[in-house]
Amino acid sequence: MATQTASAAAGSGSGKPKEKKSQEEVYAEFQQLRNQQRNLVNNLNSIEMDLKEHKTVIDTLKTVEPSRKCFRLIGGVLVEQTVEVVLPQLEQNKNQLEKLIEEGKDQITKKGLEINQFKDENNIKVRGQEPSQPTASEKETSDDKSSGNRNVLVGNL
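Everything quoted here is computed from the prediction, not taken from an experiment. (Residues numbered from 1 in each chain as written. Predicted model: local features only at pLDDT ≥ 70, side-chain atom pairs only at ≥ 80, totals over all residues. Heavy atoms only, no water.)

### A closer look at the pairing of strand 2 (residues 77-82)
Counted only if it meets this: Paired strands, in this sense, are two strands between which DSSP finds at least two bridges. Under the DSSP-based scheme used, a helix requires at least four consecutive residues in state H or I and a strand at least two consecutive residues in state E, with every element numbered from the N terminus.
Judged from the 6 bridges that link them, strand 1 (residues 69-74) and strand 2 form a sheet pairing that is antiparallel. Paired with arginine 72 across the bridge in strand 2 is valine 79.

### Regarding the pattern of salt bridges
As a reminder of what qualifies: Take a side-chain nitrogen of Lys or Arg and a carboxyl oxygen of Asp or Glu: if they are within 4 Å of each other, that pair is a salt bridge. In this scheme, a residue with accessible area under 20% of its type's maximum is buried, one over 50% is exposed, and one in between is partly exposed, where area comes from a 1.4 Å probe on protein chains only.
One pass over the structure, following the stated rule, counts 4 salt bridges. Notably, a salt bridge pairs lysine 62 with glutamate 91, separated by 3.8 Å at the nearest N-O pair. Taken together, the residues span a long stretch of sequence, with lysine 62 in helix 2 (residues 23-62) and glutamate 91 in helix 3 (residues 83-121) at a distance of 29 residues. Given a relative accessible area of 51%, lysine 62 falls into the exposed group. Accessibility expressed as a relative area gives 28% for glutamate 91, which makes it partly exposed. For glutamate 98, the salt bridge goes to lysine 94, with nearest N and O atoms at 3.9 Å. Pair noted here: glutamate 98 and lysine 94 are both in helix 3, with a separation of 4 residues, about one helical turn. A relative accessible area of 28% means that glutamate 98 is categorised as partly exposed.

### Some words on a nonpolar patch on the surface
In plain terms, the rule: Each patch is built from residues that are more than 30% exposed by relative accessible area and take part in no salt bridge. Like charges join if they lie within 9 Å; nonpolar side chains (Val, Leu, Ile, Met, Phe, Trp, Tyr) join within 5 Å. Here the accessible surface of atoms and residues is derived via Shrake-Rupley with a 1.4 Å probe, and residues count as covered only by protein chains that are part of the display.
Taken together, the side chains of Phe71, Leu73 and Leu78 define a hydrophobic patch exposed on the protein surface, amounting to about 360 Å² of accessible area. With respect to the helices and strands, phenylalanine 71 occurs in strand 1. Judged by its relative accessible area of 51%, phenylalanine 71 falls in the exposed class.

### Points about the packing of helix 2 against helix 3
Rules: In this analysis an axis means a line fitted to C-alpha atoms, helices contributing only their contacting stretch, and an angle means the value between N-to-C directions, from 0 to 180 degrees. In these notes the angle categories are as follows: under 35 degrees is roughly parallel, over 145 is roughly antiparallel, 65 to 115 is roughly perpendicular, and the rest is oblique. In this scheme the handedness of a crossing depends on how the near helix is turned from the far one: anticlockwise by less than a right angle means left-handed, clockwise means right-handed. As a working rule, the residues Ala, Val, Leu, Ile, Met, Phe, Trp, Tyr, Cys and Pro are called nonpolar, Asp, Glu, Lys and Arg charged, and the rest polar, with Gly in that last group.
Packing of helix 2 against helix 3 leaves a shortest axis separation of 8 Å and a crossing angle of 160 degrees. Of the possible angle classes, the one that applies to helix 2 and helix 3 is roughly antiparallel. Read as a crossing pair, helix 2 and helix 3 show a hand that is left-handed. Residue classes in the contact of helix 2 with helix 3 are distributed as 21 nonpolar, 7 polar and 13 charged.

### Quick look at the packing of aromatic side chains
Note the threshold: Ring pairs shown here join Phe, Tyr and Trp side chains whose ring centres sit within 6.5 Å, with only the six-membered ring taken for Trp; geometry is labelled stacked below 30 degrees between planes, edge-to-face above 60, and tilted in between.
Inspection of the entire model under this criterion finds 1 aromatic pair. An angle of 15 degrees between the planes, with centres 6.4 Å apart, marks the rings of phenylalanine 30 and phenylalanine 118 as stacked. Here phenylalanine 30 is found in helix 2, whereas its partner phenylalanine 118 is found in helix 3, with 88 residues between them in sequence.

### Brief notes about the confidence of the model for the chain
The criterion, for reference: As a per-residue measure, pLDDT reflects the predictor's confidence and takes values from 0 up to 100. In this description, contact between two residues means that some pair of their heavy atoms is separated by no more than 4.5 Å.
The share of residues in the chain with pLDDT of 70 or more is 70%, and the mean pLDDT across the chain is 80. Predicted confidence is poor over residues 1-15, with pLDDT under 50, and the contacts of this stretch with residues over four places away or in other chains come to 16 contacts. Low pLDDT, under 50, characterises residues 137-157; the predicted model gives this stretch 27 contacts beyond four residues in sequence or across chains.

### Looking at helix 3
To keep it simple, the criterion reads: Expected span, for any helix, means 1.5 Å times one less than how many residues it has.
Its 39 residues give helix 3 an end-to-end C-alpha distance of 56 Å, which sits within 8% of 57 Å, the value for a rise of 1.5 Å per residue. Taken from the residues just after helix 3, asparagine 123 is the one with a positive phi, measuring 55 degrees.

This is the structure:
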């Protein structure tokens, strides 16, 4: 799932020649970039929920004896195993999920930088933001303050 998103994010048309685009084309490309970022965030949230579930199950299984029978859903099939077999597999999966989360955060950051660069190149201003370009930390706080206006696009082309 994250691999598909990464390949979609990588092929975002940044290598196109500089040609005069209409407002509609600029707006459509900007919306596409924002949708890609939103999809990355949704995927990250899904992975974080999976990680939380893994941690809960691991904590629960650590309190029971290793020879106890447990069931695990693998590819839609319920498999009977023992705790001593399942626990290391779950811990390995948890570690992989943590790595995926870090990679997802990096992808979201890169996509945000790409969006900001696109906004600068095309002189896009979003209503509710100050005219001067805020830093990354200021941008997060200004987004919180103007959450009601953050999906309005104003173009000066």
